[in-house]
Structures are given as C-alpha cells and as structure tokens.
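Each chain is listed here by its residues.
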Amino acid sequence: MSGAHALDGEGWDRDVLQSETPVLVDFWAPWCVPCKKIGPIVEDLGDRYAGRLTVGTLDIDQHPSVAARYSVLSIPTLMLFKDGAPVERIVGLQKPSKIETTVLPHLSET
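Residues numbered from 1 in each chain as written. Predicted model: local features only at pLDDT ≥ 70, side-chain atom pairs only at ≥ 80, totals over all residues. Heavy atoms only, no water.

J.: Account for the pairing of strand β5 (residues 85-91), with residues named and values stated.
T.: As judged from the six bridges shared by strand β4 (residues 77-82) and β5, these two strands associate in the antiparallel manner. Paired with M79 across the two strands is R89, which belongs to β5. Taking the residues between adjacent antiparallel strands as the criterion, β4 and β5 are bridged by two residues, where D83 takes a positive phi near 55°. (Pairing = 2+ DSSP bridges. Helix = DSSP H or I, 4+ residues; strand = E, 2+ residues; numbered from the N terminus.)

Right, here's the structure in full:
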C-alpha cells in the first residue's frame, strides 16, 4: 500500500508489529497544527518507498492506549518499527530530510 493508511488499536499487532516491512507510524490528532504539516511528508515517504516501507497514522484521541503503550507524550511523534520493535523516534515537526535520513537505514531491500 502506498501513501499512509489509518491504523487502530485492533489491527496494531498485525499491521505494525507483524509487518514484513518497516512501519513508520505518525502519532497525531486532528487539532494538532504541526501534525497537519508533517502529514504530507510521511505520505510522500510512503509513496516513494512503497514496498520497502509501510506508513500509517494513528489518531491518539481515538486510540490513546496505543499512544500510552509507547509513551507518546507529545505530537507529532513519528516512530519507526522494524521486526516488531520501535527502532527510531522523531518528536515534533522536522524537516523532510531529517525524517528521511532517520528512516532510510532501516528500509527493506527491493
């Protein structure tokens, strides 16, 4: 799947922890202005690295237990999961180049 897709608590283990590709999760909320700015950046990564990276978004207002499970205290927070474990965390609005530089070393081979 390209771009970013919505994640939820029910499918979390299947969609994130059991994924064969690394998963970049954008923890966000509809009222968060910086979240709205980072959204297109993560969607672009999902498009450009389709097949090597899965990108998902998780609304922390709708799924607070998942955010709490990973100690997400500030949004936007991007977390990269690989082989069922979080391997990177980016907090706050960052430049696209910083996000891409953080994610690239973890991508699956084509």
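J.: Mind laying out the state of the cysteines, listing which residues take part and the relevant values?
T.: Two cysteines whose sulfur atoms are joined by a covalent bond form what is called a disulfide. Within this structure, the stated rule accounts for one disulfide. Linked covalently through their sulfurs, C32 and C35 form a disulfide whose S-S length is 2.3 Å. Judged by the torsion about the S-S bond (80°), the C32/C35 disulfide is right-handed. Accessibility assignment for this pair places C32 and C35 in one class, buried. (Disulfide = S-S within 2.5 Å. Buried < 20%, exposed > 50% of the residue type's maximum accessible area, 1.4 Å probe, protein only.)

J.: Would you mind going over the pattern of salt bridges in detail, with residue names and values included?
T.: Per the stated rule, a full pass over the model turns up four salt bridges. Residue R14 is joined to D15 by a salt bridge in which the shortest nitrogen-to-oxygen separation is 2.9 Å. When its relative accessible area of 56% is taken as the criterion, R14 is described as exposed. Residue R48 is joined to E100 by a salt bridge in which the shortest nitrogen-to-oxygen separation is 3.0 Å. With R48 in helix α2 (residues 33-48) and E100 in helix α4 (residues 96-103), this pair connects stretches of sequence that are 52 residues apart. Judged by relative accessible area, which is 44%, R48 ranks as partly exposed. Here E100 falls in the buried class, since its relative accessible area comes to 17%. Several salt bridges share partner residues, and in doing so they unite D44, R48 and E100 into one network. (Salt bridge = Lys/Arg side-chain N within 4 Å of Asp/Glu carboxyl O.)

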